[in-house]
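In case you want the letters, here they are:
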Amino acid sequence: MDIVWSNFFIQLIAFGILFWLLSRYAFGPLFSIMEQRKQFVKEQLEGAENSRKQAEAQYEEQKQSLAQARKDAYDIIEQAKHTSTKQADEIVHAAKSEATRLKDEAVKDIESEKNKAIASLRAQVSGMSVMIASKIIEKQIDDKSQEQLVDQYLNEVGSK
C-alpha cells in the first residue's frame, strides 16, 4: 500500500476546512446545548436531593407530631382519671355528710320523742301521784301500808 501524498494533503486540507466550519458553526451551539443539558441534569439532581431532605424533615416532623399527640392523649386520660377520682371522692364525701346529717336528725328525733315520752310520763305520774295521795288520805293507813300502796302504783305506772 502506497500513500498518495497529493490525496493525503487534499484530505488533510478538506478535514481542516471541515473542522474549522464545524467548530465555528456546529461545535459552539452543540457544546452549549450539552452544557445546558448538563446544567439541567445537575439542577434535577439538586432538586431531588432537596425533595429528599424535605421529605425526611416532614417525616421527622410527623414523628414528633405523633409523639406529641400520644403525649396529649395520655395527659387527657390522666386528667380524666384524676377528675373522676376527685368526683368519686366528692360523691363519697357528700354521701358521708348526708349520712351524718340523717343520723343527727334521727338522734334529734329520738331525743325529741324521748322528751315527749318523758313529759307524757311525768304528766301521767303526776296524775297518779294525785290519785295516790287522795287514796292515801282516804284510807289513812300506817307507813307500811302506805309504802306498799306507793309501790303498787309505781308498778302500775311501770307496766303502762
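What you are looking at is a predicted structure, and each value in this text was computed from that prediction instead of being measured. (Residues numbered from 1 in each chain as written. Predicted model: local features only at pLDDT ≥ 70, side-chain atom pairs only at ≥ 80, totals over all residues. Heavy atoms only, no water.)

A. Spatial organisation of the overall build of the protein chain. In terms of helices and strands, the protein chain carries two helices and zero strands. The globule rule puts the C-alpha radius of gyration for 160 residues at 15 Å, and the 62 Å found for the protein chain is more than 25% above it. For the protein chain, the C-alpha atoms occupy an extent of roughly 190 × 30 × 15 Å along the three principal directions. Carbon and sulfur atoms provide 60% of the accessible area of the protein chain, an area that totals close to 14,300 Å². (Helix = DSSP H or I, 4+ residues; strand = E, 2+ residues; numbered from the N terminus. Rg over C-alpha atoms; globule rule 2.2 N^0.38 Å. Areas by Shrake-Rupley, 256 points an atom, 1.4 Å probe, with all protein chains shown as cover.)

B. Focus on the UniProt feature "coiled-coil region" (unreviewed entry) in the protein chain. Under the present numbering, the feature "coiled-coil region" (unreviewed entry) in UniProt falls on residues 31-72. The span residues 31-72 is 100% helical and 0% strand by assignment, and the distance between its end C-alpha atoms comes to 60 Å. (UniProt positions renumbered as here; feature names shortened; annotations may be inferred.)

C. Geometry of the UniProt feature "transmembrane region" (unreviewed entry) in the protein chain. Under the UniProt annotation, the feature "transmembrane region" (unreviewed entry) is placed at residues 6-27. The straight-line gap between the two end C-alpha atoms of residues 6-27 is 29 Å; of that span, 100% is helix and 0% is strand.

D. Focus on the environment of Val92. Topologically, Val92 is positioned in helix H1 (residues 5-139). Separated by 16 residues in the primary sequence, Val92 and Lys108 place their C-alpha atoms 24 Å from one another.

E. Main features of the pattern of salt bridges. For the coordinates displayed, the defined rule picks out eight salt bridges. With a closest N to O distance of 3.8 Å, Glu78 and Lys81 form a salt bridge. One end of the pair is Glu78 and the other is Lys81, both in helix H1 and three residues apart, which spans about a single turn. Ionic pairing is found between Glu113 and Lys116, a salt bridge with its closest N-O pair at 3.8 Å. Highlighted residues: Glu113 and Lys116, both in helix H1, separated by three residues, approximately one helical turn. The network of salt bridges with shared partners includes Glu49, Arg52 and Glu56. (Salt bridge = Lys/Arg side-chain N within 4 Å of Asp/Glu carboxyl O.)

F. Expanded view of a nonpolar patch on the surface. Among the surface-exposed residues, Ile3, Trp5, Phe8, Phe9 and Leu12 lie close enough to one another that they form a single nonpolar patch of about 550 Å² accessible area. Examined against the element boundaries, Trp5 turns out to sit in helix H1. (Patch = residues over 30% accessible without salt bridge, like charges linked within 9 Å, V, L, I, M, F, W, Y side chains within 5 Å.)

G. Molecular detail of the packing of aromatic side chains. Following the criterion strictly, the structure yields six aromatic pairs and no others. Each ring, one from Trp5 and one from Phe9, has its centre 6.1 Å from the other, and the planes form 35 degrees; the classification is tilted. With Trp5 and Phe9 both in helix H1, this residue pair falls four residues apart, about one helical turn. A relative accessible area of 52% places Trp5 in the exposed class. Given the relative accessible area of 45%, Phe9 is considered partly exposed. Each residue in the set Phe15, Phe19, Phe27 and Phe31 is aromatic and connected to the rest through ring pairs, giving one cluster. (Phe/Tyr/Trp six-rings, centres within 6.5 Å; stacked < 30°, edge-to-face > 60°. Buried < 20%, exposed > 50% of the residue type's maximum accessible area, 1.4 Å probe, protein only.)

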